[in-house]
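A structural walkthrough
Read off the chains here:
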Amino acid sequence: MRFNAFMHPRNPYRNKPPDFKQLAIQDSIFRQFSSQDITGKVMIDFHNPCALQALSCALLRQDFGLDVHLPLDRLIPPVPGRLNYILWLEDLLGGALARQVHGIDIGCGASCIFPLLGATKNNWSFLATEADSASAKLAEENVSRNKLADRIAVVAVDGGGAILLDALHDREETYDFCMCNPPFYSSLAEAKAGRGGGGRSLPSAASTGAVCEVVTEGGEVGFVKRIVRESVLLREKVGIYTCMVGKKGSLKEIREELEKQGVRSIMTTEFCQGKTLRWAIAWSFRDWAFPKSLPARTQRPKKGKAKAPIMLSVSRDVVGKTDYSLHSVEAKLRDILTGTHSGV
């Protein structure tokens, strides 16, 4: 099942998916990985990382004017899905959008996709942290290449230390939000054997990414719980704390941790793109609550268990002992159900 119809209502790709034919005409690199069937439809092989790299780079160039280098040994971000997160943050920030917005991206990755989109689309400023030194260097290069160093500061952090506390301990600024796409898995074995399992929505495209991007102690739940515990110490240093997860069941465990820590202002959402689902959770310590109403979204139909068929047993004494033709039994049952049979 494709979920594009349930994307964020302001996502431009919701009603107008990427036009591969036009992209192939305009982008020579993307054209190398596209093919055309006998009907003239242009397509790519979503199981080919090089094709995914070319697609994301082409969309960032054509739709956002961004020149981004995406190494094949790191995560290749799907642009429409990442944009969903930015749009949700816009909804949560509400009136704050009228002034300069300062955000934090925890683990910006080599692409630095969230800060680049936020800075380009909304003129937001970002502190982008990254524990992998190679990814931090590539992120800095992407920021510099797009002349956004005045709005995005990439900071290399110690992967074995605190997630937010170490990055913020000597900074006087307050931040409107933080965002994070944490590693999903708790071990490399789980990553190899369990992608898409355990309630996680499995992407239909090829999976890329370094071990440090997909594996962390305790998986996504453990990682986000660490952020929750650090947020209790930082409190209003950050206006809204948010995290994206790949497993819907993770929301319940994270919410329980938040409630255990005394947090009451909590909100969740669902991100839809193609055949992939992701979820996100937000919480805050500030006096103001989240917006009471957010832009209306087309709700994805919930899966339900098939209902058992209605069974009706009728004794031979009621139906009769001689005539068991379909027409006769149907007539007898109709009489019984409408209450006209003499035995009812």
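No experiment lies behind these values; they were computed from the predicted model shown.

Turning our attention to the environment of I152. Tracing the backbone through its elements, the reader meets I152 in strand β5 (residues 152–156). The exposure class assigned to I152 is buried, which follows from its relative accessible area of 4%. Once the C-alpha coordinates of I152 and L127 are considered, the two residues, 25 residues apart in sequence, prove to be 6.0 Å apart. For I152, the residues in contact, after removing those within four places along its chain, are C112, P115, L116, A119, F126, A128 and V143.

So, on to the nonpolar core. Counting 57 residues, the largest nonpolar core has F30, C112, I152, V154 and F177 as its most contacted members. Every residue in contact with F30, bar those within four places of it in the chain, is listed here: F20, L23, A24, I44, A54, L55 and A58. Counting residues in each nonpolar core, the second largest holds 31 residues, with L127, C178, V224 and I254 among its members.

One can describe the packing of helix α3 (residues 49–64) onto helix α4 (residues 79–93) by two numbers: an axis separation of 10 Å at closest approach and a directional angle of 55 degrees. Judged on the interaxial angle alone, α4 and α3 are oblique. Note on element contacts: α4 touches α3 through V79, P80 and L83, opposite S56, L59, L60 and F64. For the contact of α3 with α4, the class distribution of residues is 6 nonpolar, 1 polar and no charged.

Turning our attention to the confidence of the model for the protein. Per-residue confidence for the protein averages 86 on the pLDDT scale, and 84% of its residues sit at or above 70. In the predicted structure, residues 196–202 sits below a pLDDT of 50 and forms 23 contacts with residues beyond four places in sequence or in another chain.

The next point concerns the pairing of strand β3 (residues 102–106). Across the 5 residues that make up β3, a large majority, 4, are buried. Sheet analysis places β3 next to strand β4 (residues 125–130), joined by 5 bridges and oriented parallel. Counted as the bridge partner of H102 is S125 from β4. Regarding topology, helix α5 (residues 113–122) serves as the crossover connection from β3 to the parallel β4, and that connection is right-handed. Pairing between β3 and strand β6 (residues 175–180): 4 bridges, direction parallel. What sits directly across from G103, in β6, is F177.

As a further point, take the packing of aromatic side chains. Here the structure, examined in full by the defined rule, presents 12 aromatic pairs. An angle of 75 degrees between the planes, with centres 5.9 Å apart, marks the rings of W88 and F271 as edge-to-face. Residue W88 is located in helix α4, and its partner F271 is located in strand β8 (residues 265–273); the two are separated by 183 residues in the primary sequence. Pair check on accessibility: W88 and F271 agree, each one buried. With a centroid separation of 6.3 Å and an interplanar angle of 45 degrees, the aromatic rings of W124 and F126 are classed as tilted. This pair shows no difference in class: W124 is buried, exactly as F126 is. By the ring-pair criterion, three or more aromatic residues cluster together here, those being Y85, W88, F114 and F271.

Definitions and limits used
- Residues numbered from 1 in each chain as written.
- Predicted model: local features only at pLDDT ≥ 70, side-chain atom pairs only at ≥ 80, totals over all residues.
- Heavy atoms only, no water.
- Helix = DSSP H or I, 4+ residues; strand = E, 2+ residues; numbered from the N terminus.
- Buried < 20%, exposed > 50% of the residue type's maximum accessible area, 1.4 Å probe, protein only.
- Contact = heavy atoms within 4.5 Å.
- Core = buried A, V, L, I, M, F, W, Y, C linked by side-chain atoms within 4.5 Å.
- Axes fitted to C-alpha atoms, helices over the stretch in contact; angles between N-to-C directions.
- Parallel < 35°, antiparallel > 145°, perpendicular 65-115°, else oblique.
- Nonpolar A, V, L, I, M, F, W, Y, C, P; charged D, E, K, R; others polar.
- pLDDT = per-residue confidence, 0-100.
- Pairing = 2+ DSSP bridges.
- Right-handed = clockwise from strand over helix to strand, strands pointing away.
- Phe/Tyr/Trp six-rings, centres within 6.5 Å; stacked < 30°, edge-to-face > 60°.

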